[in-house]
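# Observations on the three-dimensional arrangement
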Amino acid sequence: MNAVVEEHHDDHHDHGPAKGITRWLYTTNHKDIGTLYLWFSFAMFFVGGICALGIRAELFQPGLQIVQPELFNQLTTMHGLIMVFGAVMPAFVGLANWLVPMMIGAPDMALPRMNNYSFWILPFAFGMLISTFFMEGGAPNYGWTFYAPLSTEYAPPSVTFFIFAVHLMGISSIMGSINVIVTILNMRAPGMTLMQMPLFVWTWLITAYLLIAVMPVLAGVVTMMLMDIHFGTAFFSAAGGGDPVLFQHVFWFFGHPEVYIMILPAFGVVSAIIPTFARKKLFGYDSMVYATASIAFLSFIVWAHHMFTVGIPLAGELYFMYATMVIAVPTGVKVFNWVATMWQGSMTFETPMLFAIAFVILFTIGGFSGLMLSIVPADFQYHDTYFVVAHFHYVLVPGSIFSIMAAVYYWLPKWTGNMYDETLGKTHFWLSFIGVNVTFFPQHFIGLAGMPRRIPDYALQFADWNMISSCGAFLFGFSQLLFLFIILKCIRGGQKATERVWDGAKGLEWTIPSPAPYHTFSTPPKDMAEAHG
Amino acid sequence: MSTEETYQEYYVPHSSKLPIFASLGIFLTVYGLGNMFNEMSAGSDSSFGEIVFFLGGLVMGGTLFFWFSEVIKENHSNLYSDQLNRSFVWGMSWFIFSEVMFFAAFFGALFYVRAFVVDWIGGVGERGPSDMLWQDYEPVWPMMSPPDAEKFPGPSELISPWGLPLVNTLLLVTSSFTVTFAHHGINEGNRKKLVNWLIATISLGIIFLFVQAYEYYHAYVDLGLTLASGIYGTTFFMLTGFHGAHVTLGTFMLIVMLFRSRKGHFSKTDCFGFEAAAWYWHFVDVVWLGLFVFVYVLGS
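Residues numbered from 1 in each chain as written. Chains lettered and ligands numbered in written order. Predicted model: local features only at pLDDT ≥ 70, side-chain atom pairs only at ≥ 80, totals over all residues. Heavy atoms only, no water.

### A closer look at the overall build of chain A
Across its full length, chain A holds 17 helices and 0 strands. What you see for chain A is a C-alpha radius of gyration of 23 Å, in line with the 24 Å of a compact globule of 533 residues. Counting only C-alpha atoms and orienting by the principal axes, one finds that chain A spans roughly 65 × 50 × 45 Å. A buried classification covers 67% of the 533 residues belonging to chain A. Within chain A, counting contacts between residues at least 6 apart in sequence, those at least 24 apart form 82% of the total. Accessible area for chain A stands at about 17,000 Å²; split by element, carbon and sulfur atoms hold 70% of it. (Helix = DSSP H or I, 4+ residues; strand = E, 2+ residues; numbered from the N terminus. Rg over C-alpha atoms; globule rule 2.2 N^0.38 Å. Buried < 20%, exposed > 50% of the residue type's maximum accessible area, 1.4 Å probe, protein only. Contact = heavy atoms within 4.5 Å. Areas by Shrake-Rupley, 256 points an atom, 1.4 Å probe, with all protein chains shown as cover.)

Below you can see the structure in the form of structure tokens.
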């Protein structure tokens, strides 16, 4: 895994990486830590994927065949938790670690030891979370949204460890975000103004702000659960004057910004890739920045659209409906700008570009189904059906995860010094693209027809589309082994990458050798003409 | 921003054993706590949880000690540029912002309960039918008698804001001034002033904590106001309790600063450790003012 990077530190005055395992345990290097995050995320992607395939295997046919309802509930819960907190978020933090310092011409992250701490908390947190599968009463079984009282009065004892695992993830995220913000605000090379930063840096700045604002709220809500469970408080118990709906308000005050935390860096990735392969400047850079900031602001004031059917006052339903619809405006600005960037460009379709274009199209589909869900009377029909599942998987899988894959293909030559195998990359793209759509598109239909989510059995009328969906899921899941193979192959060797790697690539990271030396920009770069993405 | 000639390299430690031990420490701490809580709720007399928790605290505390010592040593050997010191300033500011949001969750819960839940359980407003379960329930705040008074026995009386809580308010507000006087001591190069005002601040913090502890004792023993006496006790103890925990941490930080002051640390241009502790102290003070208004004065 580290062979390539180690060979190329010779031309630098500073020390290279240490040898052996201690390199990874003690490292303060943003590239090492980025690599750790990305591999950890990949591992969690497979663990969460196994949970998903367990779910889809059970849903292949109506009736109960493979897993019992108890285990089914644990699988849906752990699938969600692991994918959100273990796969998507750490992947973006890994990308931020690798890329932000190189993009702004900084020698490293601002607080390098804390950076290592942020990462190494995660394996402990997820080790503890996954170990709940083997505890008495089983793993968390109350859905990734862990609504009270399912997660308090009726929860298995493992909920205590779930709560502390969430605390650890929160601490890790907050420290990681502080690092990102401080790096961006304080470590930009002289001459790089905020409005010259690549969009990936901008989107991460805003994402980190969201994380610092809402992860403590998540910590608060799980703490309330902990107190209700063990110390007799009444936050979520109406018998004591509390309210289970309070849980949902606090949770979604975290949860809605959280979904933007998982998509804003994806916007940044796509905004880097599309101009490169269209060989044009990004259309509407300023409007992209303002749109990102608007989305972040709006994300704080729309949370109750997840709760339309729980019984909130009519005025609340109306407000949250319209506020939610407003998000479509800045998001539309972004989609428009990506399309306008491609307009009349000299386009080529290497693997990162394929993933980026698929992102634009499929994320937009997910956005549209989101608009449908924001309509209160319609949501009464869609709520808790597979339509919702289809919606958020469209924004998360061909949204966030495709952007992560695009990013990996795009920057892999910079990281390893070798080109990946383009044919295999394209094969991986098409298998994933087909797999994702076969899995999730039919879920719109069965959802509209009324199939509830989180139930291991279903009526016969849903059988055909479920079978197709399960086939797609297995296709998508196993295609990711090809992704693993491509990455390993690329690390081990291949056609040497140039500095620039891609014909139209712009940005400071493309001015340094490939693979990037262990230490870059120990003194800040002078030429800012290259900086702007 | 530094010019080319004066650019001082940004110090990047090349590797460190501290974070991995800190990760282990924090993991053991929470894993021990989790086991403790589960053992407690299950009525088990195993002490596995306590042992792990204790070990974790030891590892965590030790690691933090070495971590901060290392940072101070590096600072004293002039490894830190102005730019790096700005990183610390930004880092601490954003950390305090995250703490603000943590308290916001609990304040939000209190406001939500008072604005909506109290009435709704009583059948007032849009949720009419919800008063069928507990017909004797009266929708008033403070909630002296929760809907299910057997499961959540309400308090007999509440703590008046104009007694000990007012004293505590005065103590904390005064301490915000005294910590500023200590800061002036650094700026004037007057170490005696620094040390004395720090001692005054720490004493105020400790007295505050004693008063708070006495108030809790009084609430539990005389007033029947406990964590389990329904939503009033819940919000009261959780808000004031987390605040008390933060005062404890802040006092501890100031004690460390006192030791450092006596060792001759801090100068007008190099006193970030002190400033960070002082900001934290002001933050804790502001939270208290919020508590005094919304929990004590408007709450009873």
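### Points about the overall build of chain B
Scanning chain B from N- to C-terminus turns up 7 helices and 0 strands. Dimensions of chain B along its principal axes, counting C-alpha atoms only, are 75 × 45 × 40 Å. For chain B, buried positions account for 48% of its 300 residues. Contacts in chain B between residues at least 24 apart in sequence constitute 71% of all its contacts with a sequence separation of at least 6. Summing over all exposed atoms, chain B offers an accessible surface of approximately 14,500 Å²; the carbon and sulfur share of this is 67%. The centroid of the 13 positive side-chain charges in chain B is displaced by 16 Å from the centroid of its 24 negative side-chain charges. (Lys, Arg positive; Asp, Glu negative; His and termini not counted. Charge placed at Lys NZ, Arg CZ, Asp CG, Glu CD.)

### Here we look at unusual backbone geometry
Residues and elements named next belong to chain A. With an omega dihedral of 5°, the bond running from Ala148 to Pro149 counts as a cis peptide bond. On the secondary structure map, Pro149 appears in the loop between helix H5 (112-131) and helix H6 (159-186). Look at the link from Ser514 to Pro515: it is a cis peptide, with omega at -5°. Mapped onto the fold, Pro515 is located in the segment after helix H17 (463-492). With a phi close to 35°, Phe146 is a non-glycine residue in the positive phi region.

### Structural notes on the side chain of Ser514 of chain A
Residue and element names in this part refer to chain A. One can find Ser514 in the segment after H17. A polar side-chain atom of Ser514 sits 3.0 Å from a polar atom in the side chain of Lys414. Here the side chain of Ser514 touches Thr498 through a polar contact of 2.8 Å, landing on its backbone oxygen. (Polar contact = N/O pair within 3.5 Å; in protein donor to acceptor, adjacent residues only side chain to side chain.)

### Considerations on the packing of helix H7 (residues 199-230) of chain A against helix H3 (residues 82-121) of chain B
To characterise two packed helices, one gives the angle between the axes of the helices and the distance between these axes. Close contact between H7 of chain A and H3 of chain B brings their axes to 8 Å; oriented N to C, the two are set at 45°. By the criterion of interaxial angle, the relationship of H7 of chain A to H3 of chain B is oblique. In the packing of H7 of chain A onto H3 of chain B, the handedness of the crossing is right-handed. Of the residues in H3 of chain B, those touching H7 of chain A at Tyr209, Ile212, Ala213, Pro216, Val217, Ala219, Gly220, Thr223 and Met224 of chain A are Trp94, Phe97, Ser98, Met101, Phe102, Ala105, Phe106 and Ala109 of chain B. Of the residues that constitute the contact of H7 of chain A with H3 of chain B, the class distribution is 14 nonpolar, 3 polar and no charged. (Axes fitted to C-alpha atoms, helices over the stretch in contact; angles between N-to-C directions. Parallel < 35°, antiparallel > 145°, perpendicular 65-115°, else oblique. Left-handed = near helix turned anticlockwise from the far one by under 90°. Nonpolar A, V, L, I, M, F, W, Y, C, P; charged D, E, K, R; others polar.)

### Let's talk about H3 of chain B
Along an α-helix, residues three or four positions apart point the same way, because every turn accommodates 3.6 residues. Residues and elements named next belong to chain B. Across its 40 residues, H3 extends 57 Å between first and last C-alpha, which sits within 8% of the 58 Å expected from 1.5 Å per residue. The sharpest bend along H3 reaches about 45° and sits at Val113. Where H3 ends, the next residue or the one after it, Gly123, has phi of about 85°, a positive value. (Expected span 1.5 Å × (residues − 1). Bend = angle between axes of the 7 residues up to and from the residue.)

### Side note on the nonpolar core
Nonpolar side chains in soluble globular proteins generally cluster together in the buried interior. With 278 residues, the main nonpolar core has Phe85, Phe146, Phe162 and Trp338 of chain A together with Phe274 of chain B as its most contacted residues. Residue contributions to this core peak at 23 residues, all from H7 of chain A. Sequence-distant contacts of Phe162 of chain A, that is, excluding residues within four places in its chain, are made with Leu81, Leu129, Pro140, Tyr142, Phe146 and Met225 of chain A. Counting 5 residues, the second largest nonpolar core, distinct from the first, contains Ala378, Tyr382, Phe387 and Val388 of chain A. (Core = buried A, V, L, I, M, F, W, Y, C linked by side-chain atoms within 4.5 Å.)

### A look at the interface of chain B and chain A
Facing 72 residues of chain B, the contacting portion of chain A comprises 72 residues. The contact between chain B and chain A buries some 6,200 Å² in all, and 73% of this surface belongs to carbon and sulfur atoms. Looking only at chain B, the three residues that lose the most surface to chain A are Ile20, Trp94 and Tyr112 of chain B, adding up to 9% of its buried area. Applying the counting rule to chain B against chain A returns 3 salt bridges. The shortest N-O distance in the salt bridge between Glu70 of chain B and Arg113 of chain A comes to 3.9 Å. Applying the counting criterion to the chain B and chain A interface returns 17 residue pairs in polar contact (both at pLDDT 80 or more). (Buried area = accessible area lost by both parts, 1.4 Å probe. Salt bridge = Lys/Arg side-chain N within 4 Å of Asp/Glu carboxyl O.)

### Structural notes on helix H2 (residues 48-76) of chain B
Counted at 1.5 Å a residue, the expected span for H2 of chain B with its 29 residues is 42 Å, and the 42 Å between its end C-alpha atoms agrees. Restricting attention to buried positions, one finds in H2 of chain B the residues Gly49, Val52, Gly56, Met60, Thr63, Trp67, Val71, Ile72, Glu74 and Asn75 of chain B. Looking at the buried residues of H2 of chain B, the elements they touch are H5 of chain A together with helix H1 (18-42), H3 and helix H6 (230-262) of chain B. Looking one or two residues beyond H2 of chain B, the residue adopting positive phi is Asn78 of chain B, at roughly 60°.

As far as function goes, none of this settles anything; it's purely spatial.
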